[in-house]
There are 2 protein chains.
Amino acid sequence: MSGDTSTVPIDLGERSYLVHIGPGEQARLGQRCRDAGLGRRAMVVSNPAIARHFGQSILTSLGRAEIDARLVTVVPGERAKKLATVGHLCDQAIAAGLDRGSFLVALGGGVVGDVTGFAAACLYRGVALVQVPTTLVAMVDSSVGGKTGVNCALGKNLIGAFWQPSLVAADLDALTTLPARERRCGLAEVIKHGAILDLDLFERLEEALVRRPAAGDFALTPRVGLSAELARYSVERSCRLKGAVVAADEREAGQRAWLNFGHTFGHALEKVCGLGRLHHGEAVSIGMVLAARLGVRRGELAGADSERLERLLAAAGLPIQVPRGTDPAALLAAMGHDKKVRDGRLKLVLLSRLGQAFVAGDTPTAMIEQLLNEASREA
Amino acid sequence: MSGDTSTVPIDLGERSYLVHIGPGEQARLGQRCRDAGLGRRAMVVSNPAIARHFGQSILTSLGRAEIDARLVTVVPGERAKKLATVGHLCDQAIAAGLDRGSFLVALGGGVVGDVTGFAAACLYRGVALVQVPTTLVAMVDSSVGGKTGVNCALGKNLIGAFWQPSLVAADLDALTTLPARERRCGLAEVIKHGAILDLDLFERLEEALVRRPAAGDFALTPRVGLSAELARYSVERSCRLKGAVVAADEREAGQRAWLNFGHTFGHALEKVCGLGRLHHGEAVSIGMVLAARLGVRRGELAGADSERLERLLAAAGLPIQVPRGTDPAALLAAMGHDKKVRDGRLKLVLLSRLGQAFVAGDTPTAMIEQLLNEASREA
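Conventions used here
The numbers attached to residues start from 1 for each chain and follow its sequence in the written order. The naming scheme follows written order: chains are lettered A onward, ligands numbered 1 onward. Local features in this predicted model are restricted to residues whose pLDDT is 70 or higher, and side-chain atom pairs enter the listing and the counts only when it is 80 or higher, whereas totals over whole chains, interfaces and linings include all residues. Hydrogens and water are ignored here; the side-chain numbers use all heavy atoms of the structure. We call two residues contacting when some pair of their heavy atoms lies within 4.5 Å. Summed over both partners, the accessible area (1.4 Å probe) lost when two parts come together is defined as the buried area. Note on definitions: salt bridges are taken to be side-chain nitrogens of Lys or Arg within 4 Å of carboxyl oxygens of Asp or Glu. In protein, a polar contact requires one atom able to donate a hydrogen and another able to accept it; more generally it is a pair of N or O atoms within 3.5 Å, and residues adjacent in sequence count only if both atoms are side-chain atoms. Here a strand is any run of E in DSSP of at least two residues, a helix any run of H or I of at least four, and the numbering for each starts at the N terminus. Put simply, Ala, Val, Leu, Ile, Met, Phe, Trp, Tyr, Cys and Pro go in the nonpolar bin, Asp, Glu, Lys and Arg in the charged bin, and everything else, Gly too, in the polar bin. Two strands pair if DSSP finds at least two bridges between them. In this analysis an axis means a line fitted to C-alpha atoms, helices contributing only their contacting stretch, and an angle means the value between N-to-C directions, from 0 to 180 degrees. Least-squares superposition of the copies uses the C-alpha atoms of those residues scoring a pLDDT of at least 70 in each of them. Three exposure classes are used, based on accessible area relative to the maximum for each residue type with a 1.4 Å probe and protein chains only: buried under 20%, partly exposed in between, and exposed over 50%.

### Brief notes about the interface of chain A and chain B
Now for step 1: With 36 residues of chain A at the interface, the matching set in chain B holds 37 residues.
Now for step 2: Here chain A and chain B share an interface that buries about 3100 Å² over both sides, 57% of which is from carbon and sulfur atoms.
Now for step 3: Linking chain A to chain B there are two salt bridges.
Now for step 4: Where Arg 100 of chain B meets Glu 252 of chain A, a salt bridge forms, and the shortest distance between an N and an O atom there is 3.2 Å.
Now for step 5: Linking chain A with chain B are 10 residue pairs in polar contact (both at pLDDT 80 or more), by the criterion used here.
Now for step 6: Listing elements by their share of the side of chain A that touches chain B, those giving two or more residues are helix 3 (83–95), helix 4 (110–122), strand 7 (147–152), strand 8 (155–162) and strand 10 (341–342) of chain A.
Now for step 7: Per-element accounting of the side of chain A that touches chain B gives the leading share, seven residues, to helix 3 of chain A.
Now for step 8: A breakdown of the residues in the side of chain A that touches chain B according to their chemical character gives 18 nonpolar, eight polar and 10 charged.

Written out as structure tokens, the structure is:
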């Protein structure tokens, strides 16, 4: 199997780690942990559905490598993303006898990765973390780069830590169990990576999704919603792109902010529409459309590029319109509590062309307001 | 006034900072923050009693430096040290409009420093922190070095972060308002620094406290419990000693563990006797006595050195006996949940002589048990 595995190094000095991508990675997890020099005691965190699918095989793999592990679960979905969950995970880990040399394993999607990662950052002031992403979103985005966190009443991900994993194991077999909606959300982040950093990736996705060839390596398959080859390419390319950005700017002083393309609008949409109604990738999809249109309005992005982005997102089955009945004033207010505000000015990631992003801190509020009003009327 | 100020640099690469020690430092805080390149919006965290003493002058100083600050308080004492307090502080900071470029100010003792520091570590995944210690414990120990955290049901400081301040301002004038009990707790940590790292410091304290000269620079004064000169010397020397240890071993992989001398026994005493009954410095004092006796029992420390340590602690007005009625079995169990356990073995900091510590991971549990039994019977 391991001939099928790609390994992407994430270069962060003494916090460097490897991302292993391929089928069968979950079965190899125990040995990967030993190879990474991790301890002999671990707590695996998941949600009930994912634990049912993969929990036993993960525990078996760890056990074969003589790692004493237990499995705990958090409630499914965004409602797990609160500080109390992190405290509860720490309590469970302490009660289970984990020490400073032990580690946590996040087995699941973005939510599990975020709360488990934050718990690893806080437990004994920091223990090692292994990310085992089971969704496309987590594989192409959230499991790499060290952002962890929880939500609070005033917004998403406002409380958290930068805490890099010691190892990421993305088992592509897990994607076969993924609901179509989750697959689409993952594609939103892959499309984002293309739009901000890599025209080649963008065009390969266009080729597969917009032009829909009847056959070939990149053809869609009904089972996973995208071909095995496109999935592998998307995950590997995304990890390489994101890894390079994070290596250059771990704490988001500069270029890392590009990865937030679509996210300031997206977080506001999630908040105003009610957490959980729009999935994160769906909100980001609409957010990217709004950010692209803002770029056109500012005269910095060609209208044709904005339209190509909308077409690709739509072809991936993602929403591109603000949900009907959304209050544009509430959206604008929610954007004001985003982390990307600094000294009272909203910083937005925009495109100058497909494959090239920049940060603009000078958009007049009136222009954003008008954009949101029009987008809400269209809905 | 600034001729009276000592400045101790803490050398941590890009996380380096200065500790300013002297009278009048609170009035200079605003300018210090500007000099350190901090932002223009801040939240000052304190407890009600400390806020009454110093809150307004801190806000005035920040305001004069054109820093927009507000003051919030947490409940006094150890019961503030829980994860919910950290979440509440983050919520208040977000609601107050702080952004990633803003900063938190911890105005108070160890508890305020720990929860405010942890909140700064988590808010927007990390904002700048200023420590303004008002107690001797905080000046000589907790405000320097970046340890932050909260308690949980199973033990003290088990959840937290390493988060260095950008600036520490220790205003020696604040010590004049300090209750005698708090002064004694601070001296416990100064004595600790002498015992593990610096025979000179230990002997100067002996000179002042055991031999009690009738007059001179180091004489005790009724007002602050120790002379202004001894206070200044203790704070500056402690910051230099601790700064050097932290610079060499920020995340406690080695020598930093020495700073935990007396703390594994101490944390267990605090837990078993009920958080709050024994103050931290008192528990550490008894803990140091137990650790020194264990060293004698292991044949590594001269009995005379252990007795000198007990005599100095007693002269400082600190307890040196386990409180009457303490269950030795409960103490031993509580020690098992300390962070210093690794792979099931309890690591203890011991002395080889006054001024020289080491970490021992090989003490038989039976020997610790016997020590605790005897110490409890003596009480």
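This is not the end of the story, as more comes after the structure.
### Let's talk about the environment of Arg 125 of chain B
Now for step 1: Secondary-structure assignment places Arg 125 of chain B in the loop between helix 4 (110–122) and strand 6 (128–133).
Now for step 2: Sequence separation of Arg 125 of chain B and Glu 229 of chain B is 104 residues, and the distance between their C-alpha atoms is 40 Å.

### Some thoughts on the sheet that holds strand 5 (residues 103–108) of chain B
Residues and elements named next belong to chain B.
Now for step 1: Ordered in space as 1-2-9-6-5-3-4, the seven strands form an open sheet in which the pairing is mixed. The outermost strands of the open sheet, each flanked by one partner alone, are strand 1 (6–10) and strand 4 (68–73). Direction aside, the axes of adjacent strands within the sheet are offset by 20° on average.
Now for step 2: Pairing analysis gives six bridges linking strand 5 to strand 6, with the strands arranged parallel. The residue bridging Leu 107 from the neighbouring strand is Val 132, located in strand 6.
Now for step 3: The sheet strands contacting helix 2 (residues 48–64) are strand 3 (41–46), strand 4, strand 5 and strand 6, and the helix crosses strand 4 at an angle near 175°.
Now for step 4: Lying over the sheet, helix 3 (residues 83–95) contacts strand 3, strand 4 and strand 5, oriented at roughly 150° with respect to strand 3.

### Brief notes about the relation of the copies chain A and chain B
Each of the two copies of the chain can be brought onto the other by a rotation about an axis and a shift along it.
Now for step 1: Rotating chain A by 180° and moving it 0.0 Å along the rotation axis overlays it on chain B with an RMSD of 0.0 Å. Between the two chains, the operation in question is that of a two-fold axis.
Now for step 2: Of the residues that chain A buries at the interface, 100% are likewise interface residues in chain B, meaning the two copies contact each other through the same surface.

### Details of the sheet that holds strand 2 (residues 17–22) of chain A
Residues and elements named next belong to chain A.
Now for step 1: Pairing is mixed in the open sheet, where seven strands are placed in the order 1-2-9-6-5-3-4. With partners counted over all chains shown, the strands left at the sheet margins are strand 1 (6–10) and strand 4 (68–73), one partner each. For this sheet, the mean inter-axis angle between neighbouring strands, taken without regard to orientation, is 20°.
Now for step 2: For strand 2 and strand 9 (residues 167–171), the ladder comprises four bridges, and the chain directions are parallel. Considered in strand 9, the bridge of His 20 is made with Ala 169.
Now for step 3: Packed on one face of the sheet, helix 2 (residues 48–64) meets strand 3 (41–46), strand 4, strand 5 (103–108) and strand 6 (128–133) and runs near 175° to strand 4.
Now for step 4: Of the strands in this sheet, strand 1 and strand 2 are in contact with helix 8 (residues 228–248), which crosses strand 1 at around 15°.

### Some words on unusual backbone geometry
Residue and element names in this part refer to chain B.
Now for step 1: Phi is positive for Glu 66, close to 60°, though the residue is something other than glycine.
Now for step 2: Along the chain, the position of Glu 66 falls in the loop between helix 2 and strand 4.
Now for step 3: Residue Glu 66 is classed as exposed on the basis of its relative accessible area, which comes to 57%.
Now for step 4: In this model, Arg 125 sits at a positive phi of 60°, which is unusual for a non-glycine residue.
Now for step 5: Looking at Arg 125, the relative accessible area reads 5%, which means it is buried.

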